[in-house]
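# Structural characterization, general
So the chains spell out like this:
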Amino acid sequence: MSEAIIPFSLKDAPALIERLLPVQKLSAEVFKERKAGAGQTLVPLGAYWKGRKPLIFNKACILGCLLPATANPKRDLEIFEKLMAMDDESFVIRWKHRPKPANILATLSIASIAEYFVSDPPHILPESAPVDWSLPELKDVKVKWRENIPELERRQLEAQILPIESYRKRVEMANRPEEVLDSIHEHIWGAVNLHLNTNAHSIPELVEQLGVMRFGRIPRLADTFCGSGQIPFEAARLGCDVYASDLNPMACMLTWGAFHIVGSSPEARADKENEQRSVAQKVQAEIDRLGVEIDGSGWRAKAYLYCLEVRCQQSGWMVPLLPSRVLSFGKQAVAELVPVPSEKRYDITVRSGVTDDELAAAAKGTLRSDGRGQDPYLIHTVDVREYRTKISTLRGDFRNPNVVNGNKLRFWEKSDFKPRQDDIFQERLYAIHWMRPKSTGKKFYYKFTGVTEADLERERIVEQFVEEHFIEWQEKGWIPDMRIEPGGKTDEPIRTRGWTHWHHLFPARHLMLLGLLRREATNGETLLRLARILDYTSKLCRWTTSKAGSSSPGEGGRTGGASDNPANVFYNQALNTFYNYGCRASFPLLQLFAAELPFAASLRNTKVSCRTASELADSADIFATDPPYGDAVKYEEILEFFIAWLRKNPPPEFADWVWDSRRSLAIKGEGEDFRRGMVAAYKRMTECMPNNGIQVIMFTHQSGSIWADMANIVWASGLQVTAAWYVVTETDSALRQGSNVKGTVLLVCRKRLGMHKTSRDDLAWEIQEEVEAQVDALTGLNQEAKGLYRDENVFEDADIQMAGYAAALRVLTHYAIIDGRDMTAEAIRPRVKGETTFVDGLIAFAVDTANQCLVPRGIEKRHWDRLSGAERFYLKMLDMEARGTKTLDNYQNFAKAFKVRDFQTLMASRKANNARLKSAVEFGRAEMGEGSELHQSVLRAVLYAVMELAKNVDGNEVVSHLTMNIPNYYGDMTQRELAVDLADYLAKHLETIRPDEASAARVLRELIKNQRLG
Ligand SMILES: C[S@@+](CC[C@H](N)C(=O)[O-])C[C@H]1O[C@@H](n2cnc3c(N)ncnc32)[C@H](O)[C@@H]1O
């Protein structure tokens, strides 16, 4: 390391993330990563994990904590963007094809071509560019870069021919930085080192140097809610020393995989991959020896389709429960029920290549529901008579006097692995999907068949095999013997099937395969791979069939051909049971098991620990955490599906972990327990952090009370908020589907040092000054960075609003004592329902003050102060619409900010990416009555008048209505002034979006101004 790196020289420097973060660009990058789906770096380790924090987002947070905020914010921003590969020159490398010299010469004006390029044959090219390559004499001329051109210069030239697009569009067309990590940063080090006084030539070197300058060592980062390991993995890849922990062993295992599999060297990987392939081959050989998945004539099973079967109480027939009889759209294959009246049951045959009409008819099975959420019916016809019975009736659902729901299903016992003869629900194999290799090698023929006597015999062999090994395997932990604890997500299998133990969820074929594999899992990687395929096993795999994909790349749709497959269990966050399900055979499952796993970097100095966050025993300079908030994902319940298989006799790597989900210790919900758990966790982190340490807390923006909650927690933990940012972290498709746009709020915190005291009165001034300074700083940076951002803003209004809140919280949480009260004690005081605590009051006051400072241009502050929340909301959003903003999350954010109860009544469209307010005409006469938040407001009266004028109502009449609609119009002159102000505001803001109404508003403004009073 260079002499120039002076330990602790940045000890007390504010961090960049405390001053700025290019949230808009970052949101675009996050989208890009999310859309990569299974191509995201750590997803192959466990696609079942929900709620991964994007790596690019984590990188921004970590670098943002290490980099100093200097006196030159614009340059800070530029350097940060270079390190994030968001600058133009990085896009040259991120582009799918690097620009070619010939293209550069065809496009750019260059005075001396020879300064940059050499040509072959020489001396034919003109001296300067642009070059017209269509000239016949240039046909065979080749050009390449001169070797002595520095990389930066070369990229600067290349960058000029990239298409000029919005940042979002650019990112969409480019690679993610991590896909081109090897070379992406080559051009930045001169500028970076000059700005930061460092001497680095890679990100890990820079991280080390910044760590030394700030903390006196390689920075140590900890994440005590590590989940799948996205934050600690990125930190380690950047060069930090890393500590990761989680209460849940599944989370620890995934994090371990991120460190030791993806974070491993190519040489080490090759050996491990071979080892895993051998395991798969060994198990496959054993199954093949039993001969239970081959038909003896070259076909091997790909999947088995099972359904429940039940006796119809009215007809006495045994009827298969099939929501649909379609097996395959691609193969036009269907299952057909053939009545066997003598035995009161159905045979099931399979036919492929049926007509379109037959296929359409097969979409209706024996199970139908009258509507969404309705309990389905079993429907079948015997001798032209249709029988309908509700499934709840078949199950014998009841509600007893103490309001306990139940049914007549037998609870399965630990020794069961298939239904007993007199159980209500029987299970039946009804079709098989086969595969046979084509002579050319890799590809296969596929077919569907019904079930033959030989197939049933193979079923019996499997069941017998499981029966023979059952007790021994449960004892050794090769198949589960764990009870299903009731819970929000785990109740469903118990209630709808009577399953009481986790192994009940698995068909015998899977118990056999997984048991054999589990037996081989003597090291961490095998166990991790086993968990990967567990997601594709069990009776919770819906059978899916699809036609050939039609959507184009980038539209978020499928592009491949038709496919027939059982879905994975965790396609959602529940444990849903199905009436029919697909059971993948061992061949595809073992292929998945042995599939090569990615590796991205050689990581060092990482540690994983399985413990609660409050049991932390290691210290760290930076804490970056994404705690459980609300009930978004019930990790502690759904992960038991895996824990049941992995918990006994874990391999040495995982032997110290508690193989239990420890539901009672998991932080969850939003109530008192949640707050207590969070405070214990964050207090401990604060204790384990040096005085100049820094924390980033991420949480999903869900409920309006989030600010109060988090501020309370931070305060009570001895932390002080220093900044807050909001980054949209949802994918495009999620945005398209629902209007509930979600993002992530980042709270940046420091240790609260000293025992500062203040009074509520003084706070008011201090908060106001701080918020105003914050808003000014970001608005200023927007202006300064115009060149850097073309026409886009670094910060949108919602970002500035968020920063305003943070500024208010920064002042508030700086104090330990307010009006003589100890704020730590106040913050953890249990809440009484409906009561506003002292802290809540202060936070509401701080947030209100922040909102006051966000007056849109064109409204006088004295008027703004008098407006209701709904009026402010309407005016603010109109301001944003006039500037082209259309995303619904802005409306949601501001509705919360202005405390609008129901902003939906003010909206003409609530589409995620195309939201808009109602126009005056669209309001018509609505929202005038007492129930409305605009009732008797001046804004509503003005909009009404605009509507009338737009509809050509006589001006005098319009003004007369206006004076009646505005309370105390003649008694309070400011009401009239406000009406003029609002009409003027509407006229200006509607000019580009609704010129008709803008003109009506102009007329109105003049009418009111010229109205003769008295
Ligand atoms: C939102 S997730 C973290 C996700 C992670 N950032 C990722 O990208 O995958 C929250 C994690 O907190 C863990 N957790 C819940 N209560 C805990 C506690 N008391 N101590 C430690 N971890 C806990 C859960 O097991 C879960 O893995």
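Right above here is the structure, for reference.
A brief structural summary. In this text the structure is predicted, and so the values were computed from the model without any measurement. The residue count restarts for each chain, going from 1 along the sequence in the order it is written. Only residues with pLDDT of at least 70 are given local features in this predicted model, and only at 80 or more are side-chain atom pairs given and counted; all residues enter the totals for whole chains, interfaces and linings. No hydrogens and no water enter the side-chain calculation; it runs on all heavy atoms of the structure.

## Brief notes about the nonpolar core
Grouped together as the largest cluster of nonpolar side chains are 214 residues, with contacts concentrated most on Ile17, Leu83, Met250, Met253, Phe641, Trp725 and Leu812. Should any heavy atoms of two residues lie within 4.5 Å, those residues are counted as being in contact. Ile17 has contacts with Cys61, Gly64, Cys65, Ile694, Val696, Ala723, Trp725, Leu746 and Val748, leaving out every residue within four places of it along the chain. Nonpolar cores are built from buried Ala, Val, Leu, Ile, Met, Phe, Trp, Tyr and Cys residues. Side-chain atoms within 4.5 Å join them into one set. Buried means the residue's accessible area, taken with a 1.4 Å probe over protein chains only, is under 20% of the maximum for its type, while exposed means over 50%, and partly exposed covers the values in between. Of all hydrophobic cores here, the second largest spans 53 residues; its members include Leu934, Tyr944, Leu962 and Leu986.

## Some details on the sheet that holds strand E11 (residues 377–382)
Strand order in this open sheet of 3 strands is E10-E11-E12, and the pairing throughout is antiparallel. Strand pairing shows two members of the sheet lacking a second neighbour, strand E10 (367–368) and strand E12 (385–390), which therefore form its edges. Strand pairing is defined by DSSP finding a minimum of two bridges between the two strands. Helix and strand assignments follow DSSP, with helices taken as H or I runs no shorter than four residues and strands as E runs no shorter than two, numbered in order from the N terminus. Inspection of the sheet shows E10 paired to E11 by 2 bridges, in the antiparallel sense. Within E11, the residue paired with Leu367 across the bridge is Leu378.

## Concerning unusual backbone geometry
A cis amide bond links Asp120 with the next residue in sequence, Pro121, at an omega value of -5°. Across the junction of Ala129 and Pro130, the peptide omega takes the value 5°, indicating a cis bond. With respect to the helices and strands, Pro130 occurs in the loop between strand E1 (117–120) and strand E2 (142–145). Of note, Lys344 is a non-glycine position whose phi angle comes to about 50°, a positive value. Summarising the element assignment, Lys344 is placed in the loop between strand E8 (333–340) and strand E9 (345–351). On the basis of relative accessibility, which here comes to 38%, the residue Lys344 falls in the partly exposed class. A positive phi angle is found at Asp383, which is not glycine, with a value near 50°. When you line up the elements, Asp383 lands in the loop between E11 and E12. Judged by relative accessible area, which is 70%, Asp383 ranks as exposed.

## Comments concerning the state of the cysteines
We call a pair of cysteine sulfur atoms a disulfide when they lie within 2.5 Å. Overall, the coordinates contain 0 disulfides when judged by the stated rule. There is no disulfide at Cys312, and the cysteine sulfur nearest it, in Cys307, is 15 Å away. Judged by relative accessible area, which is 1%, Cys312 ranks as buried.

## A few points about helix H2 (residues 55–66)
Since one α-helical turn is 3.6 residues long, residues separated by three or four positions face the same way. The span expected for a helix works out to 1.5 Å for each residue beyond the first. An ideal rise of 1.5 Å per residue puts 16 Å on 12 residues; H2 measures up with 17 Å between its terminal C-alpha atoms. By the criterion of burial, H2 is predominantly enclosed, with 12 of the 12 residues buried. Looking at H2, one finds that the buried residues are Leu55, Ile56, Phe57, Asn58, Lys59, Ala60, Cys61, Ile62, Leu63, Gly64, Cys65 and Leu66.

## Remarks on the site of the ligand
Every one of the 23 residues lining the ligand counts as a neighbour, but Lys53, Ser228, Asp246, Asp626 and Ile667 are closest to it. Under the rule applied, a polar contact is a pair of N or O atoms within 3.5 Å (in protein, one hydrogen donor and one hydrogen acceptor; residues adjacent in sequence only if both atoms are side-chain atoms). The contact in question runs from a nitrogen atom of the ligand to an N or O atom on the backbone of Leu247, over 3.3 Å. Under the convention used here, a 1.4 Å probe and the Shrake-Rupley method define accessible areas, while residue burial counts only the protein chains that appear. Look at the ligand: alone it shows 600 Å² of surface, and the protein chains cover 95% of it. In terms of residue class, the shell around the ligand is made up of 11 nonpolar, 7 polar and 5 charged. Neighbouring residues are identified by heavy atoms, a residue being near a molecule or strand if any of them is within 4 Å of it. Each residue is assigned to one of three groups, with Ala, Val, Leu, Ile, Met, Phe, Trp, Tyr, Cys and Pro labelled nonpolar, Asp, Glu, Lys and Arg labelled charged, and all others, Gly among them, labelled polar.

## Focus on the sheet that holds strand E22 (residues 694–700)
Reading across from one edge, E20-E4-E3-E21-E22-E24-E23 is the order of the 7 strands in this open sheet, with mixed pairing throughout. At either end of the open sheet lies a strand with only one pairing partner, and these are strand E20 (606–610) and strand E23 (719–728). Going across the sheet, the axis of each strand differs from the next one's by a mean of 15°, ignoring polarity. Inspection of the sheet shows E23 paired to strand E24 (residues 743–751) by 9 bridges, in the antiparallel sense. In the sheet register, Ala723 faces E24, and the bridge partner there is Val748. Working convention: axes come from line fits to C-alpha atoms, limited for helices to the stretch in contact. Angles between N-to-C directions cover 0 to 180 degrees.

## Structural notes on the packing of helix H30 (residues 869–882) against helix H31 (residues 888–897)
Remark: H30 packs on H31, axes separated minimally by 10 Å, with the N-to-C direction vectors making an angle of 150°. If you check the angle between H30 and H31, you find them roughly antiparallel. Crossing geometry of H30 relative to H31 is assigned as right-handed. Contact residues: H30 offers Phe873, Lys876, Met877, Met880 and Glu881, while H31 offers Asn890, Tyr891, Phe894 and Ala895. Here the residues of the contact of H30 with H31 are counted per class, giving 6 nonpolar, 1 polar and 2 charged. For classification purposes, an angle smaller than 35 degrees is called roughly parallel, one larger than 145 roughly antiparallel, one from 65 to 115 roughly perpendicular, and anything else oblique. If you view the pair so one helix is near and one far, a crossing is left-handed when the near helix is turned anticlockwise from the far one by less than a right angle, and right-handed when it is turned clockwise.

## A closer look at the environment of Met512
Mapped onto the fold, Met512 is located in helix H17 (residues 508–520). According to the relative accessible area criterion, Met512 is buried, its value standing at 0%. Along the primary structure Met512 and Glu467 are separated by 45 residues, whereas in three dimensions their C-alpha atoms are 9.7 Å apart.

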